[in-house]
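The residues making up each chain are set out below.
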Amino acid sequence: MRDRQVDLTVTVEWTGPDEVVARVCGELDIRTVPPMLRELGGLLGDDGPALIRLDLSGVEFCDHAGLRALHILETTAGAGRVCIVAAHPAVDMILRLCGLSTFLGHPAGATACTG
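Keep in mind the model is a prediction, meaning the values are calculated, not measured. (Residues numbered from 1 in each chain as written. Predicted model: local features only at pLDDT ≥ 70, side-chain atom pairs only at ≥ 80, totals over all residues. Heavy atoms only, no water.)

### Examining helix α1 (residues 33-41)
Each full turn of the α-helix corresponds to 3.6 residues, which orients residues three or four apart in the same direction. Of the positions making up α1, those classed as buried are V33, M36 and L40. Considered in projection along α1, the buried side chains sweep an arc of 65 degrees and stay on one side of the axis. Where α1 is buried, its residues meet β1 (9-16), β2 (19-28), β3 (51-62) and α2 (64-77). (Buried < 20%, exposed > 50% of the residue type's maximum accessible area, 1.4 Å probe, protein only. Helix = DSSP H or I, 4+ residues; strand = E, 2+ residues; numbered from the N terminus. Arc of directions from axis to C-beta. Contact = heavy atoms within 4.5 Å.)

### Some details on the environment of V10
Structurally, V10 is set in strand β1. Through-space distance from the C-alpha of V10 to that of L40 is 8.1 Å; in sequence the pair is 30 residues apart. Apart from the residues within four sequence positions on either side, V10 is in contact with R23, V24, M36, E39 and L40.

### Some words on the side chain of R81
When you line up the elements, R81 lands in the loop between α2 and β4 (82-87). A relative accessible area of 13% places R81 in the buried class. Among the polar contacts made by the side chain of R81, one reaches the main-chain carbonyl oxygen of L44 at a distance of 3.4 Å. Polar side-chain contacts of R81 include one of 2.8 Å to the backbone oxygen of P49. With near-sequence residues (within four places) excluded, R81 lies in contact with L43, L44, G45, G48, P49, A50, L51 and I52. (Polar contact = N/O pair within 3.5 Å; in protein donor to acceptor, adjacent residues only side chain to side chain.)

Structure below.
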């Protein structure tokens, strides 16, 4: 079996003077967490936005390393500064399997964009 390389892309769009939407696409795992945290971590400085909306509708796979990275992002940014506004069904399933009824403002079972 050939090992296929799946990249993770992060696209940041300013949607207001103090708000961004970060669209994450690909696989969120131990291999792709460091570049994602570098990309999004750059938004956490004093001159960064007050709100980072994460669109995870393009994340087709997320493991425990991915969930931990999202938690680290929230912890580093501060409560309420990062929220998930859309999630791929695979991400939603992992949230439900972990027993997380709400994670970063995203209610498990809601896969459409809500924000």
